[in-house]
Structures are given as structure tokens and as C-alpha cells.
Amino acid sequence: MLEAGSETPPGGWKLPPGLPHSLPFYMFKPWVKLGDPIRLFEHLHKTYGNIAHYRFMGTPIVFINDPEYIREILVTQAASFVKERTVRRMKVLLGEGLITSDDPIHIRQRRIAAPAFHRQRINAYADQIVSIAAAQRERWQPGEQIDIAAASMALSLEIVARTLFDTEVTADIRRINDEVNTVMDLYNFLVAFPKLESFLNLPIPRIVKFRRSKARLDAVVDRLIREHREQGVDKGDLLSMLLSSTDEQADASGAHTGMSDDQVRDEVLTIFLAGYETVANALTWTWYLLSQHPEIEARMHAELDTVLGTGSQARLPTLADYPSLRYTEQVFAESMRLYPPAWAMGRMSTKTVQLGPYRIPSGAHFFFSQYIMGRTPEYFPDPLRFDPDRFTPEAKAARPKYTYFPFGGGSRQCIGESFAWMEGTLSIATLAQRWRPRFIPTYPIVLQPKITLRPKHPVIMRLEPRFSDIAESTSEA
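Residues numbered from 1 in each chain as written. Predicted model: local features only at pLDDT ≥ 70, side-chain atom pairs only at ≥ 80, totals over all residues. Heavy atoms only, no water.

What to know about the sheet that holds strand 6 (residues 345-349)
In step 1: With mixed pairing, 6 strands are arranged side by side in an open sheet as 1-2-3-9-6-4. Edge positions in the sheet fall to strand 1 (18-22) and strand 4 (81-83), since each has one partner strand and no second. Along the sheet, successive strands turn relative to each other by an average axial angle of 25 degrees, direction set aside.
In step 2: Bridge count for strand 4 against strand 6 is 3 bridges, and the pairing is antiparallel. Bridged to Lys83 within strand 6 is Arg347.
In step 3: Contacts between helix 1 (residues 37-48) and the sheet are confined to strand 1, strand 2 (51-56), strand 3 (59-64) and strand 9 (365-368), with strand 2 contributing the most and set at about 130 degrees to the helix.
In step 4: Packing against the sheet, helix 2 (residues 67-76) makes contact with strand 2, strand 3, strand 4, strand 6 and strand 9, and its axis sits at approximately 125 degrees to strand 9. (Pairing = 2+ DSSP bridges. Helix = DSSP H or I, 4+ residues; strand = E, 2+ residues; numbered from the N terminus. Axes fitted to C-alpha atoms, helices over the stretch in contact; angles between N-to-C directions. Contact = heavy atoms within 4.5 Å.)

Structure (C-alpha cells):
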């Protein structure tokens, strides 16, 4: 739908090629499935190329798989776009956090939050990440069968509890996790419900379920914030830093103000979701891919042995080792190419925009998908092949920038990106020192594209020790 009062510019609109009818007309096509836009994006890209459009309820929607057009939206013409409806809908959970807020709120919040994600601050968490991963590997038993997705979630939850709240996985942290998962299960319903914000107080069963879950979630986080404020001590965690940070730009009175408790709560929930769910899924897909490609796994193990030593005498990785774990990081990067946790992004135009030969009206929605781009042969030859050498410095430099954007781009690029790379690489290194998980096809691998790209079913792995002395010492224990 066009913006109120907008007029057709001279020459009119020129939309890219696309579906001649509104999307509901195609509802029985195999490439249209509620809750799975990846099928639609794949069809549009295969049929119409790197830019295509369709309409839904009168609104033009443009799907883009061209890195230069993506750069136009995220960087060059960023001022002409805001977050699109599906992301703005998540404000009912995340409020005005960094994922959902628009400028000028986003600019101010990012300035205040930036010190909490300064590289020096993030680096201080390296030992905690390794310690938590080492504790998990000690609990594993030879021949044990585990759901590696659940294990990755448990690991990531422990890491976010320690780094965000300076605590272990207490009842409070489990409550936050449970309530966030409840809302995640309701995600497709919340996004699809027309004008949801106007119905939040009505006794509609799933809205009541969301409302109660959100209230419990807010109560726990608000109490943790209140306790941190009352203690008045920087514990070295991200929450302490958020509470102590102030805006480097003074307000009208000349004061450098910080975040209100409501704003801190929104950021805590945003960091929890973005820093927990995404890394856990990336680790899950990494273990799955390694189990399918033993030659790549062996090369990664060789790097770990070279950097950290071999067998039971090997030492744990440290922050100082991180720059030497290049191939391990490449494995993590290639995993996120094939199975990006953040699998699509969207924007809405606030004015007429020009993309190449196309003139697209205000109020149009634009989507681009890390999943589709990462599987495009033009930029990643033989795209289904798992090949970490795609991420050597030379290979990365040879590709246009926005062919790989697992953490977004432009001024809204994920503020926690450096933390995620370090967490993923050090976690993989720590666990892979001792163990070689082997996939058991108990359940099919089916994608579940919600807020993040999850596996729909458990991913069962059998744990094989890399060294015989580990198996013997574990069995004796």
C-alpha cells in the first residue's frame, strides 16, 4: 500500500519482474507455505533472477539477491528505509531494542551500548567461554548419544548467563529461556496476526499466552536489573556495562544520560535472543556439517593439535590462540554460509527509491536472504559443497561485500558480531580437541525458519573420543 498522500512520480513506478497476481492467488503452489518464506524466495530467484517482486494485500514486496542493491538499501540509501513489518512486530517482545528500534532511538541506544561491546571488554570473556565449553566436554561420555542442538543451546545459555548477568544458569535464567522459547513458538502467529498491537488486551488464547509469558519475562529481567543497580558494582558483565554507560552526546540540559530501566530491559532481551539463539544454531549446523565431511574435520583437528598440542596433554585455547585458529574460524564461517542463523532481513521504504532501472514506491517492503545469497553459484561456485577455503582472506577479498552478511550490514550491523565470532571459534576448538561427534540419522534434517534458522527435529550425534586415553580416563571415572 502506498504512503498516504504520495503521488505517482513523473514516469510512474517501474517494478522489477515478478508474480503477475497477488501472493494469495498462488497459495496452493508448492513454493508457497505459511511460515517458510525460503521456498518463495528460492522460486523468485530461480524464475526472475536477482531482483523480483510480488504483492500481498496491495503492498509491493521486492526480493533482492544482488549485493550492490543490498548495499544501496543498507548503506547508500539507508535514510530512505526503516525496519519492515515483521521486525517491527517483534517490538511486542523486544520493545525498542537495537534489533527493532528505528532512528533516532536506535542511534542513541547504539552509542550508549557501544562500550559494553568494545573489543577489550569482549576479549575479557574468552576465558569464560573456554571454561564453560571445557566443563561441557568433561560431562560427555564415549559412545553417548546426544541431541547436539540441545547441547549447543545449553552451552550458549551458560555463556550468555555468565557474560550478560555474571551468574550461572539459575532458575531466573531458565525462566528467561523458557519464556523466550514460548514467544518464539508463537512467532509466526504474532507476525501474521493483522494489527496485533490493537488486540493485545483481548482474550484471544494465543495472545493471552503471549501476554502472560511476556509479563513473567519482564518481571524476572526487571528484578535482575534492579538488583544490579542496587549493588552498584561493575561485575564485569554486559548488564553492568549497560547500566553504567551514558550517551557521549549531551542532552538539551547538557547532561550525559544513560538508559532507563525499561530501555535496559529491552536491550537485555535483545542481547539474550541475539547472543544465545543465533550462536547455538550456528554451532549445531557446524557439528552436523563436520560430521558429514571427515576430511575437513581432520584438517581442523590438525590445526588444533598444532596450536594447542595433542592428546590428553593438550592445553585449552586462550584468547592469545584465537588469531592462530584461522581454519577453525573458516569452518564456522562456511557453516553460517550454508545455514545462516539470521536467514533473512527486511526494510520498508519511506520514500520513492531508485534501484538500478527500477523506481519503487514509498511503503514497499524489501527482503534479502543470507540463506539464498550463500547458495548462489554466481558468488559461491558449487554452492552446496562445504568448503571452508571460501573464507581465506584472498577468497573473501575477491567477492563483493554483501554476498556474505551473517550479521547484517551498514549502521545496523550486529553490535555483538566480534563476540559471536570469538564464542563460536573458541567453543568449537575446545570441544573438538577431545571429541568427534558423529551424526546418527534418527530424524531427518529439516529447516525451521523462525526468527533464527533452527533444525526442526533433534540432531542426534554419537560422541567419539579423538584419543584412546580420553576414552579410558572417562570410563574409569
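That shown, we press on.
Digging into helix 2
In step 1: The complete set of buried residues in helix 2 reads Pro67, Tyr69, Ile70, Ile73 and Leu74. Along the axis of helix 2, the buried positions cluster into a sector of 165 degrees, meaning they face one direction only.
In step 2: The backbone nitrogen of Glu68 has a side-chain oxygen 2.8 Å away, supplied by the residue at the start of helix 2, namely Asp66. (Buried < 20%, exposed > 50% of the residue type's maximum accessible area, 1.4 Å probe, protein only. Arc of directions from axis to C-beta. Polar contact = N/O pair within 3.5 Å; in protein donor to acceptor, adjacent residues only side chain to side chain.)

Side note on the nonpolar core
In step 1: Ranked by internal contacts, the top residues of the largest apolar core, which has 140 residues, are Ile64, Phe165, Ile176, Phe272, Trp287 and Phe366.
In step 2: Of all the elements, helix 13 (residues 261-292) adds the most residues to this core, at 16 residues.
In step 3: Apart from residues lying up to four places away in sequence, Phe165 is in contact with Val160, Ile173, Ile176, Leu224, His228, Asp237, Leu239, Val268 and Phe272. (Core = buried A, V, L, I, M, F, W, Y, C linked by side-chain atoms within 4.5 Å.)

A short note on the pairing of strand 3
In step 1: Counting buried residues along strand 3, 6 of its 6 residues qualify, which places the element largely inside the surrounding structure.
In step 2: Relative to strand 3, strand 2 runs antiparallel, the two being bridged by 6 bridges. Bridge pairing in strand 3 links Phe56 to Thr59.
In step 3: Counting the residues between successive antiparallel strands, the hairpin from strand 2 to strand 3 contains 2 residues, one of them, Met57, with a positive phi of roughly 55 degrees.
In step 4: Relative to strand 9, strand 3 runs parallel, the two sharing 4 bridges. In the sheet register, Phe63 faces strand 9, and the bridge partner there is Phe367.

On their own, these measurements won't tell you what the molecule is for.
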